[in-house]
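# Results of the structural survey
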Amino acid sequence: MHHHAPIRDADESDLSTSAAKTQAAGVTAVAVALNHAVAEMGVLRTARTLTRVNQRHGFDCPGCAWPEPTGHRRLAEFCENGAKAVADEATLRTVGPEFFAEHSISDLEDKSGYWLGQQGRLTHPMVLRPGDTHYSPIDWPAAYALVASTLRGLDSPDEALFYTSGRTANETAFLYQLLVRSFGTNNLPDCSNMCHESSGTALTGSIGIGKGSVTIEDFELADVIVVAGQNPGTNHPRMLSALQKAKASGAKIIAVNPLPETGLLGFRDPQTITGLTTGVQIADEFLQIRLGGDMALFQGLGKLLFEAEDRAPGTVIDREFTTTLTSGFDDYERHTRAVDLDVVQEATGLTRDQLERTAALLAGSKATILCWAMGLTQQRHGVATIEEGTNLLLLRGMIGKPGAGVCPVRGHSNVQGDRTMGIWEKMPENFLAALDSEFGITSPRQHGYDAVDAVRAMRDGRATVFFGMGGNFVSAAPDTGTTEAALRRCALTVHVSTKLNRSHVVHGATALILPTLGRTDLDLSPTGRKNQVSVEDSMSMVHLSTGRLRPASEHLRSEVAIVCELAQELFGQDHPVPWARFRSNYDFIRDAIAQVVPGCTDYNRRVRHRDGFQLPHPPRDHREFHTTTGKANFAINNLRWLQVPEGRLILQTLRSHDQYNTTIYGLDDRYRGIHHGRKVVLVHPDDIAALGFHPDDLVDLVSEWTDGTERRVTDFRLVPYSTPRGNAAAYYPETNPLVPLDHVAERSNTPVSKAVTIRLERK
Ligand SMILES: Nc1nc2c(c(=O)[nH]1)N[C@H]1C(S)=C(S)[C@@H](COP(=O)(O)OP(=O)(O)OC[C@H]3O[C@@H](n4cnc5c(=O)[nH]c(N)nc54)[C@H](O)[C@@H]3O)O[C@H]1N2
Ligand SMILES: Nc1nc2c(c(=O)[nH]1)N[C@H]1C(S)=C(S)[C@@H](COP(=O)(O)OP(=O)(O)OC[C@H]3O[C@@H](n4cnc5c(=O)[nH]c(N)nc54)[C@H](O)[C@@H]3O)O[C@H]1N2
Ligand SMILES: [Mo]
């Protein structure tokens, strides 16, 4: 095995700050990416790996879900952060039985998530039995037997929870939900519950499908692209290339964000020669909005659009569209005309001028795209906010035509595909009926627990087995104290993982770690067949992904193998589902997907097309809306925004440039000028002074909840930063202890990670 110098854990006293960067990407990004990759994998493996990211015969980048361009693909369809994601997975460092013999659980409990993740790839199935101080090796059959006997011993299948993180490929996701439903529960919480659930809820009501309606080609045809509540420079860097191209063909870009995010304001495309030297300003209009102010913004813009129509009748509202294809227009018009623009200014912190200029851009646009991510979804009124954004598009007929539409920009590389394949605690009846008729099983109809309800169920003793297909639930979920206590109450926790994380350390009475192959790894069946999997991107394109790297250990099993082998142990040999056949050849899984999943007919053939295939989307394809009214629905919402209580701040929890969710690659946030540390809180300089503090002070952050309870994280450094007064920002997952479990978005139950009321306390 390879030996590497031990990783030093983070030491926050090394922290330093500098001015935020004005340009994203460029030469530095390429250099940072390569350094990172070479340090993890060496020169040869780096060359072999990075040239295959997002290529036709390569693997799908395990980073974000931004689509690959169809047609011509540049050799480097990856970005700095994609390269970091790949290097993190393809690292040569390993964590085997010696590691676990050396480190007790209580030793590992004191380590940071950064340290745990940096130790390397898991190589052996490991078990922790009641009373053990250390994990020890277990063989696969014994591990399956342990899980199966525990599951069979439950009073009800609903006492088990089956979590999924969005890295899981379609084939695994399909089999996993099949196993769970065959077992008898719909308890399929997933990372999406904490992510884009608000988007799915809003869009399903408004347009009849919870997915985005644009394709990558639409970006080049758009006149106006709004990017709200999203930091593409860090989280979807390849999106910046699409925005830059759109700009080159004349589009105007409107950025809506409380922070002046580097990539939105300046960008040098590392994939072009000129981009390495000269940069462009991406956003034509930067609306530095107050946290939670977007609903007010969208309503205010709606009112201004109606007023523009009054001034030039027939030029703004698409009457033909609203009359024939929508429902609720008159009520929406009445409600929106009554909006008070003074209130909108107060709620957003924007000037009348900014609102008028933005409305004028929208009114003059022939094709508008609205993009958004966590800044909109992780708000208490997130669903309503997205409905209001959609209303703005409907008003002008901006759905189902070239260059226009809704674009929720997904996070995990296959989070959208997992949903398509049935990972959802409340899949619709038509899906369950098709599943039952294909396999001769009886899926339960009662809805299962989502992520927040899963924590509640464990906390209250209603669920006692937690099975995680990827992810790091303990660190990703809100209210860390409550969530950790909930996991510790379980009889059994099981994690199918690639790397060590906090969820392995905060465990049930018995715990298992099942090491698995990642996207980059060669997946050989026992007969030597090279297996391929498939994934769906943010724009409903489905394509194959093929790993080629030699796995970190011969003991790793693919996720598909783990699901099939566990199912065989759990259900015995005469179960109606052909688990052994599915394990032997993934084409058989795809044939079953074709029978069950809407839009997947002829899956095996179509997924092999050079660019894959696109799943149907009725509003995009035919302007058809499968809603309750059969039309696109205007939603009416009473305006809500966030007021900052006296002496308090509203905190958003977000990602640094050096992390992938709970995986911390490094301790810098280069674009924001934060170096060698993560425990910082970004606050407006006038608020720092007004609250009686100084820049660089060490403070505790204390969150206050309506029931009088308080939650605290300690020793954060105050960093003066450009953000609206009364707002603050700090990194996830360090601040997850502050997010109360019951602080969730209305209707989607998504944790409100972008609006937590806090006060600062002096050390
Ligand atoms: N490198 C990298 N890539 C990633 C990830 C990663 O961690 N690292 N994570 C992946 C995943 S799972 C996801 S979901 C996506 C997340 O992608 P993003 O949504 O971009 O992620 P966040 O860091 O949470 O950033 C939220 C952005 O919204 C802004 N914001 C916060 N509150 C508000 C608000 O009330 N209104 C407005 N208008 N803006 C607001 C913040 O200032 C910030 O710019 O990225 C995916 N890609
Ligand atoms: N406060 C706060 N909380 C948040 C958010 C926020 O913005 N603020 N964002 C939320 C969002 S948008 C999301 S999506 C969730 C993310 O929640 P999760 O998806 O649960 O978290 P990740 O950090 O992406 O999971 C990382 C782990 O996945 C495992 N892994 C990686 N690749 C693979 C693979 O190919 N197969 C398997 N089986 N395992 C693999 C590794 O062991 C790694 O440690 O967090 C949410 N939590
Ligand atoms: Mo996400």
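Preceding this paragraph is the structure being described.
Residues numbered from 1 in each chain as written. Chains lettered and ligands numbered in written order. Predicted model: local features only at pLDDT ≥ 70, side-chain atom pairs only at ≥ 80, totals over all residues. Heavy atoms only, no water.

### Quick word on the nonpolar core
Among the nonpolar cores identified, the biggest contains 65 residues, and Phe162, Phe174, Leu175, Leu179, Phe439 and Trp579 are the most heavily contacted of them. Residues within four places of Phe439 in sequence aside, it is in contact with Phe174, Leu178, Pro576, Val577, Pro578, Phe582, Ala592 and Val596. Among the nonpolar cores identified, the runner-up in size contains 48 residues, and Ala202, Ile254, Val344 and Phe634 belong to it. (Core = buried A, V, L, I, M, F, W, Y, C linked by side-chain atoms within 4.5 Å. Buried < 20%, exposed > 50% of the residue type's maximum accessible area, 1.4 Å probe, protein only. Contact = heavy atoms within 4.5 Å.)

### Focus: the site of ligand 2
Contacts to ligand 2 come from 31 residues, most closely from Tyr163, Ala476, Glu559, Thr662 and Tyr732. At 2.6 Å from an oxygen atom of ligand 2 is found a side-chain nitrogen or oxygen belonging to Thr662. Its free accessible area being 940 Å², ligand 2 has 96% of it covered by the protein chains. For the shell around ligand 2, the per-class residue count stands at nine nonpolar, 17 polar and five charged. (Near = heavy atom within 4 Å. Polar contact = N/O pair within 3.5 Å; in protein donor to acceptor, adjacent residues only side chain to side chain. Areas by Shrake-Rupley, 256 points an atom, 1.4 Å probe, with all protein chains shown as cover. Nonpolar A, V, L, I, M, F, W, Y, C, P; charged D, E, K, R; others polar.)

### Let's talk about the site of ligand 1
Taken together, 31 residues sit near ligand 1, with Asn257, Glu261, Asp294, Gln659 and Asn661 positioned nearest. A distance of 2.9 Å separates an oxygen atom of ligand 1 from a polar side-chain atom of Gln379. Here Asn661 contributes a backbone N or O atom positioned 2.7 Å from an oxygen atom of ligand 1. Considering ligand 1 on its own, with 930 Å² of exposed area, one finds that the protein chains cover 99% of that surface. The residue inventory of the shell around ligand 1, partitioned by class, reads eleven nonpolar, 16 polar and four charged.

### A look at helix α15 (residues 329-337)
Along α15, the positions that sit buried rather than exposed are Phe329, Tyr332, Glu333 and Thr336. Projected down its long axis, α15 shows its buried positions confined to an angular sector of 100°, all on one face. α15 presents Asp330 and Arg334 as exposed residues on the side facing more than 90 degrees away from its buried surface. Those residues of α15 that are buried lie in contact with α13 (294-311), α14 (319-325), β12 (326-327) and α19 (382-395). (Helix = DSSP H or I, 4+ residues; strand = E, 2+ residues; numbered from the N terminus. Arc of directions from axis to C-beta.)

### What to know about the packing of helix α7 (residues 170-183) against helix α21 (residues 429-439)
Relative orientation of the contacting elements α7 and α21 amounts to 85°, with a least axis distance of 12 Å. By the angle between their axes, α7 is roughly perpendicular relative to α21. Contacts from Phe174, Gln177, Leu178 and Arg181 in α7 reach Phe431, Leu432, Leu435 and Phe439 in α21. Residue composition of the contact of α7 with α21, by class: six nonpolar, one polar and one charged. (Axes fitted to C-alpha atoms, helices over the stretch in contact; angles between N-to-C directions. Parallel < 35°, antiparallel > 145°, perpendicular 65-115°, else oblique.)

### Some remarks on the state of the cysteines
One pass over the structure, following the stated rule, counts zero disulfides. Here Cys61 is not disulfide-linked; the sulfur of Cys79 is the nearest cysteine sulfur, at 6.3 Å. Free cysteine: Cys407, not disulfide-bonded; nearest cysteine sulfur from Cys371 at 4.0 Å. (Disulfide = S-S within 2.5 Å.)

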